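The chain contents come next:
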There are 2 protein chains.
Amino acid sequence: MRYSQYYIPTLREVPSEAELDSHKLMLRAGMIRKAAAGIYSFLPLAQRVLKKIIRIVEEEMDRAGGMQVLLPIVQPAEIWHQTGRWDVYGDEMFRLQDRHGRDFCLGPTHEEMITTLLKNEVRSYRDLPLRIYQIQNKYRDEIRPRFGVMRAREFIMKDLYSFDRDEEGLNRSYEAMYEAYTRIFTRCGLKFRAVEADSGAIGGEVSHEFMVLAPAGEAVILYCEGCNYAANDEKATAALPETAAEPLLAVEKVATPNQATVAEVTAFLKVAPEKLIKTLFYKTESEFIAVLVRGDDDLNEIKLGNLLNQPYWLAAPEEIAEKLGLPVGYVGPVGLKEKGVKVFADLRIQTMKNAICGANEQDFHLRHVNLERDFTVDTFADLRLAKAGDACVHCGQPLQETRGVEVGHIFKLGTKYSSALNATFRDEDGVEKPFIMGCYGIGISRIMAAAIEQNNDENGIKWPLPIAPFQVIILALGEEQKAAAEQIYRELTAAGVEVLYDDRDERPGVKFKDADLIGIPLRLTVGPKSLAQGEVEVKVRMTGEDFRWPLAEITARVLAYIKEHDPVGA
Amino acid sequence: MRYSQYYIPTLREVPSEAELDSHKLMLRAGMIRKAAAGIYSFLPLAQRVLKKIIRIVEEEMDRAGGMQVLLPIVQPAEIWHQTGRWDVYGDEMFRLQDRHGRDFCLGPTHEEMITTLLKNEVRSYRDLPLRIYQIQNKYRDEIRPRFGVMRAREFIMKDLYSFDRDEEGLNRSYEAMYEAYTRIFTRCGLKFRAVEADSGAIGGEVSHEFMVLAPAGEAVILYCEGCNYAANDEKATAALPETAAEPLLAVEKVATPNQATVAEVTAFLKVAPEKLIKTLFYKTESEFIAVLVRGDDDLNEIKLGNLLNQPYWLAAPEEIAEKLGLPVGYVGPVGLKEKGVKVFADLRIQTMKNAICGANEQDFHLRHVNLERDFTVDTFADLRLAKAGDACVHCGQPLQETRGVEVGHIFKLGTKYSSALNATFRDEDGVEKPFIMGCYGIGISRIMAAAIEQNNDENGIKWPLPIAPFQVIILALGEEQKAAAEQIYRELTAAGVEVLYDDRDERPGVKFKDADLIGIPLRLTVGPKSLAQGEVEVKVRMTGEDFRWPLAEITARVLAYIKEHDPVGA
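Residues numbered from 1 in each chain as written. Chains lettered and ligands numbered in written order. Predicted model: local features only at pLDDT ≥ 70, side-chain atom pairs only at ≥ 80, totals over all residues. Heavy atoms only, no water.

Peer 1: Hey, could you run me through the overall build of chain A in this one?
Peer 2: What chain A contains, in helices and strands, is 15 helices and 31 strands. The principal-axis extent of the C-alpha atoms belonging to chain A is close to 90 × 65 × 50 Å. Per-residue burial for chain A yields a buried fraction of 56% across its 570 residues. Pairs at least 24 residues apart make up 70% of the contacts formed inside chain A by residues separated by at least 6 positions. By element, 49% of the accessible surface of chain A is carried by carbon and sulfur atoms, the whole surface being about 22900 Å². Charged side chains in chain A number 70 positive and 86 negative. The centres of these two groups are separated by 3 Å. (Helix = DSSP H or I, 4+ residues; strand = E, 2+ residues; numbered from the N terminus. Buried < 20%, exposed > 50% of the residue type's maximum accessible area, 1.4 Å probe, protein only. Contact = heavy atoms within 4.5 Å. Areas by Shrake-Rupley, 256 points an atom, 1.4 Å probe, with all protein chains shown as cover. Lys, Arg positive; Asp, Glu negative; His and termini not counted. Charge placed at Lys NZ, Arg CZ, Asp CG, Glu CD.)

Okay, here's the thing in structure tokens:
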């Protein structure tokens, strides 16, 4: 491709609306433009990257027994009513009516659609397993779309749905997808990690996220170097500490005037935060709930939500004061039961002895409070946010922390959707059973952003070779080198190499800057000095390495480089 | 691909909701399922066909200098307000609001979006021409979606937009697209014709439709075998007849009691219909309009609409009686001007002499009415529907009629959108000028339906080889032939042939029926007799030909066949 005939509207200025590197660079490299909040046009360079990613994904889905289909984006409301998700999705779902006033949505996902499609058509266990996927736009009306295509309202996804006759089948499908995902992100040239994750609104019990590691990633990942444990912070858990071997002391009430926060109380009483019990108040539709966590821990609201399994929200201080007669900042578990409050507690509360907590009286705390003797708990559960330094739940080594961008998410759904939609098959024993389902998503457009987030420097993008828009960029420094550059361009193109030839009448400085910005992996510079020596200057964008390659061997050298760095694609 | 592991839910029954062969066959062959009126899921077989069509389209668009992008489906209302099409599209546009109450539509087309995208970024004549395309879903809320994916509300299109600095550039872009389209439909293996067409709501002055010829096509095509003229019936024109060489006779009023239609009047007065003037009444927002056509002609409302260039509708008989005091069935042009009615007439009215028309009096007609002497016309224009047998406007030969399915439409838009959106570039002379645009659409999902419409028989689909979901289907008649069939399957697959191997435990009759229904071009049957002779039975689905090919040569023979029938794809 000749640069002069190609549309790459690069920008010199750093766009002010962008926070993330990937967002800035995609704008600057002329890859995307905003059409509305969270809605983007993908320009030619981006489209080339998307197609490369899509091709890798398709090849691996097909290899894993996936069959590609194309389901509607515009979906009738009825099927969403049947699973109850028409209401669950709330404002996040784009809704519309047709000219006859019928309700539709723009699919945020396709469990309802695929299950309805197969229902009544796939009748026998002999037709299973089925693994069906598609690649197309998805829609979520995010309350705060941002970070460019990283969190857009219109985005491209691959979604595969597996249908099996039993748990064993589901496990095989899940394994096949786990392996396919691992191959996909490896083939894309990305550093990534699969982590245990929460299933969220999609439902089901087991799920893994595939995270592209990047310092600006939204997700926090906790992982163990001792074993292979890794989970995102929504899901991560840690080993419990030993219970302190102390004798129980008698409760003491101490004055703590104007000492309401954990930091204030621990400083004032000269104790470590892990001696404190923090008491948080939430509300559901029907009642107040108190949640206890250790003073040095943070509550994991995702875990609490999964436990409650109903809408809940933080209670306001005024409400707590008015309805329960409790002074926020000085609340504690002692006597809460008597006020009709249900008490949930993190498991670590069980390991505490002689704890400190609010006295439920303004400006007072209690010392030497003990579980069972002084207060009781309705339900214990893992409710804390795990953090770096925690002991690994499997091997006890301290957990490490890193950040990542979620690019894939796989779920064991079980029968959640097949039961709701009454989608059954006749098993070998003649009994009608609901399909055992799994679903498996990849954010295609997000991979592109994540790849940039992971691979960039102050000058621009550093594309991993397998998903780069072009493999090679050729620069001729002056008019005299154009014939040689043209010749290399023709030879490489004829050899199947994807070449962008910068044939523009621009100064070398501009060409170098643009080449760095758009991040083509191999830059071949045809300059007067090297050309006189029968050589071409080669620069590897990812590593900064530079070489001189003989002009006569250039095609062979480039092909060898590609084969080495993109063995599957080459 | 093994049939037993592939999802092809064929149906034995002919679905009652389908009228067209293509619709019935796509349902029966397990290619599509309806999700809602005009909204379909494409199952694996259909998806394979779509991908083949898309690949051909992409290759030809790229060859013609097209750059692929991906524009949003969800488009902000503002840009549609700027061109006025937010209102023009009416109920045909799917509209929605986001969570903040902002208006959006689902793009029925992308002129507004692409023009807005390039505006302010493409600044100089040096950056032109640009040819930018995408392939993705489009949305039109058809009042009567029908015929399956032929006239759907959600459908897949390729749309390219050209931006040039002058008319000459536009002509080159248009030519390039015309040629690319010709190559695309040829490569798809379709019988088609490019015809002159009306520009409709898209606007612009020159346009061609590409029609796949099929007897059930919605579009009527008139074409000349003498020259190359071809146009759809909305646009087609014909040569004018000679003006009759008769002396003008005096007007006579004749009683025609209860003879209100052309058929009645011509029978009653014993004259040919071409002696009559038909007078039709229409209304615009501001006035009544009379339109005159010859008694044997039909008015072409598209031509009338283009002439009026404003909303108009047929006037009701009561209105004509009340407001104009005219008796429907007995109306004529004489004296209309005096009633304040504007008179439009088809060009053929100019060639008539001594015509018959209504007397504007119940149960009376006039004879020997003549233009200028007895009535006047405000505007003459080509307003009739051309028909088979008309003389070709270029060479005089009689026009022929056929029917087709519109699969492509190309338009010279000029500055309609660039002017409305104020999208300009600085020309060589330093002057800011609006882009000269063209737009070029292909109905990807419609090609699939049109191909079936053109190629089917009572047993099923007959895919043209280049867009067939698989090139070869292998049938083993019995258990004893499975090893040989398996061997052929492996060899062909290894040679890059797309094979569907029917390895199901089904009776041969079922396998033959399904093979015919899904229409795979080459059927290889491994039966006991032929196998004993070291041969395979070959049947060509398109032509019905059958051969025996030696087992030892099967791969070479299949490859040679493919190369012969799909030279570009092979």
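More follows now that the structure is in view.
Peer 1: It is not clear to me how the sheet that holds strand β19 (residues 364-369) of chain A should be interpreted in this structure. Could you clarify?
Peer 2: By way of backbone hydrogen bonds, the strands of a sheet pair with one another, either parallel or antiparallel. All names here are of chain A. Spatially, β13-β19-β18 is the arrangement adopted by the 3 strands of the open sheet, whose pairing is antiparallel. The open sheet terminates on both sides in strands that have one partner only, identified here as β13 (252-255) and β18 (355-361). Taken pair by pair, the neighbouring strands of this sheet meet at an average axis angle of 35 degrees, ignoring direction. As paired elements, β18 and β19 share 4 bridges and run antiparallel to each other. Bridge pairing in β19 places glycine 358 opposite histidine 365. (Pairing = 2+ DSSP bridges. Axes fitted to C-alpha atoms, helices over the stretch in contact; angles between N-to-C directions.)

Peer 1: Which parts of the structure should I look at to understand the relation of the copies chain B and chain A?
Peer 2: Relating one copy of the chain to the other requires a rotation about an axis plus a shift along that axis. Expressed as a screw transformation, the operator carrying chain B onto chain A has a rotation angle of 180 degrees and an axial translation of 0.0 Å, and the superposed copies differ by an RMSD of 0.1 Å. Put plainly, the chains are arranged around a two-fold axis. Using C-alpha coordinates, one finds that chain B approaches the rotation axis most closely at leucine 96 of chain B, a distance of 2.5 Å. Most of the interface of chain B is mirrored in chain A: 100% of its interface residues are interface residues there too. (Least-squares fit on C-alpha atoms with pLDDT ≥ 70 in both.)

Peer 1: So what exactly am I meant to see when it comes to the side chain of serine 124 of chain A here?
Peer 2: All names here are of chain A. Secondary-structure assignment places serine 124 in the loop between α5 (111-118) and β7 (130-139). Owing to a relative accessible area of 17%, serine 124 belongs among the buried residues under this scheme. Side-chain polar atoms of serine 124 contact the backbone nitrogen of arginine 126, separated by 2.9 Å. (Polar contact = N/O pair within 3.5 Å; in protein donor to acceptor, adjacent residues only side chain to side chain.)

Peer 1: What exactly am I supposed to notice about the state of the cysteines here?
Peer 2: Such a bond, covalent and formed between the sulfur atoms of two cysteines, is termed a disulfide. Residue and element names in this part refer to chain B. Overall, the coordinates contain 0 disulfides over all chains when judged by the stated rule. Free cysteine cysteine 188: the closest other cysteine sulfur is in cysteine 439, separated by 20 Å. A relative accessible area of 0% places cysteine 188 in the buried class. (Disulfide = S-S within 2.5 Å.)

Peer 1: Quick question: what am I supposed to make of the packing of aromatic side chains here?
Peer 2: The geometry of two aromatic rings is summed up by the distance between their centres and the angle between their planes. Applying the stated rule across the entire model yields 30 aromatic pairs over all chains. An angle of 80 degrees between the planes, with centres 6.3 Å apart, marks the rings of phenylalanine 94 of chain B and tyrosine 139 of chain B as edge-to-face. Separated by 45 residues along the polypeptide, phenylalanine 94 of chain B in the loop between α4 (85-88) and β5 (95-97) and tyrosine 139 of chain B in strand β7 (residues 130-139) bring together distant segments of the chain. Of the two residues, phenylalanine 94 of chain B and tyrosine 139 of chain B, both sit in the buried class. Cluster of aromatic residues (ring-pair linked, three or more members): Tyr178, Tyr181, Phe185, Phe192 and Phe210 of chain A. For the cation-ring pair, arginine 48 of chain A lies above phenylalanine 470 of chain A, with the distance from its terminal atom to the ring centre recorded as 3.9 Å. Sitting above the plane of the tryptophan 86 of chain B ring, arginine 95 of chain B keeps its charged end 4.6 Å from the centroid. (Phe/Tyr/Trp six-rings, centres within 6.5 Å; stacked < 30°, edge-to-face > 60°. Lys NZ or Arg CZ within 6 Å of the ring centre and 35° of its normal.)

Peer 1: Even after reading the chapter, I still don't get the interface of chain B and chain A, so can you show me in this structure?
Peer 2: Interfaces are often sized by the amount of accessible area the parts lose when they come together. Chain B puts 51 residues into the contact, and the matching count from chain A is 52 residues. When the buried area of chain B at its contact with chain A is split by residue, Tyr7, Leu70 and Arg99 of chain B rank highest and sum to 17% of it. Linking chain B to chain A there are 8 salt bridges. At the boundary of chain B with chain A, the tally comes to 16 residue pairs in polar contact (both at pLDDT 80 or more). For the side of chain B that touches chain A, the class distribution of residues is 32 nonpolar, 6 polar and 13 charged. (Buried area = accessible area lost by both parts, 1.4 Å probe. Salt bridge = Lys/Arg side-chain N within 4 Å of Asp/Glu carboxyl O. Nonpolar A, V, L, I, M, F, W, Y, C, P; charged D, E, K, R; others polar.)

Peer 1: What exactly am I supposed to notice about helix α7 (residues 262-269) of chain B here?
Peer 2: Each turn of an α-helix holds 3.6 residues, which means side chains three or four residues apart point in the same direction. All names here are of chain B. Taken residue by residue, α7 has Val265, Thr266 and Leu269 as its buried positions. Seen from one end, α7 has its buried residues packed into an arc of 95 degrees, which puts them on one side. Exposed side of α7, more than 90 degrees from the buried face: Ala263 and Ala267 are the residues found there. Its buried side turned inward, α7 meets β13 (252-255), β18 (355-361) and β19 (364-369). (Arc of directions from axis to C-beta.)

Peer 1: What should I look at first to understand the environment of glutamate 246 of chain B in this one?
Peer 2: Residues and elements named next belong to chain B. Of note, glutamate 246 is situated in the loop between β12 (230-232) and β13. Distance from glutamate 246 to asparagine 354, taken between C-alpha atoms, is 8.1 Å for residues 108 residues apart in sequence. Leaving out residues up to four positions away in the same chain, glutamate 246 has contacts with Lys275, Lys353 and Asn354. A distance of 2.9 Å separates polar atoms of two side chains, one belonging to glutamate 246 and the other to asparagine 354.

Peer 1: Help me understand helix α2 (residues 44-63) of chain B in this model?
Peer 2: For α2 of chain B, built from 20 residues, the straight-helix expectation of 28 Å at 1.5 Å per residue is met to within 8% by its first-to-last C-alpha distance of 29 Å. Downstream of α2 of chain B by one or two residues, glycine 65 of chain B has phi in the positive range, about 85 degrees. (Expected span 1.5 Å × (residues − 1).)

Peer 1: What is the right way to look at the packing of α2 of chain B against helix α11 (residues 444-454) of chain B in this model?
Peer 2: How two helices pack is summed up by the angle between their axes together with the distance between the axes. Residue and element names in this part refer to chain B. The interhelical angle for the contact between α2 and α11, taken along N-to-C directions, is 115 degrees, at an axis separation of 9 Å. In this view, α2 runs roughly perpendicular relative to α11, as classed from their interaxial angle. For α2 against α11, the interelement crossing comes out right-handed. Contact residues: Ala46, Val49, Leu50, Ile53, Ile54 and Val57 in α2; Ile444, Ser445, Ile447 and Met448 in α11. A breakdown of the residues in the contact of α2 with α11 according to their chemical character gives 9 nonpolar, 1 polar and no charged. (Parallel < 35°, antiparallel > 145°, perpendicular 65-115°, else oblique. Left-handed = near helix turned anticlockwise from the far one by under 90°.)

Peer 1: Please clarify how the packing of helix α1 (residues 21-28) of chain B against α11 of chain B should be interpreted in this entry.
Peer 2: All names here are of chain B. Two numbers describe how α1 lies on α11: the axes approach to 8 Å, and their chain directions differ by 105 degrees. Taken together, the axes of α1 and α11 lie roughly perpendicular to each other. Between α1 and α11, the residues in contact are Asp21, Ser22, Leu25 and Met26 and Met448, Ala449, Ile452 and Glu453, respectively. Residue composition of the contact of α1 with α11, by class: 5 nonpolar, 1 polar and 2 charged.

Peer 1: It is not clear to me how the domain arrangement of chain A should be interpreted in this structure. Could you clarify?
Peer 2: The domain boundaries assigned to chain A delineate domain 1 (3-189 + 414-453), domain 2 (252-381) and domain 3 (470-565). Here the C-alpha centroids of domain 1 of chain A and domain 2 of chain A sit 41 Å apart. (Domains from an automatic or database assignment.)

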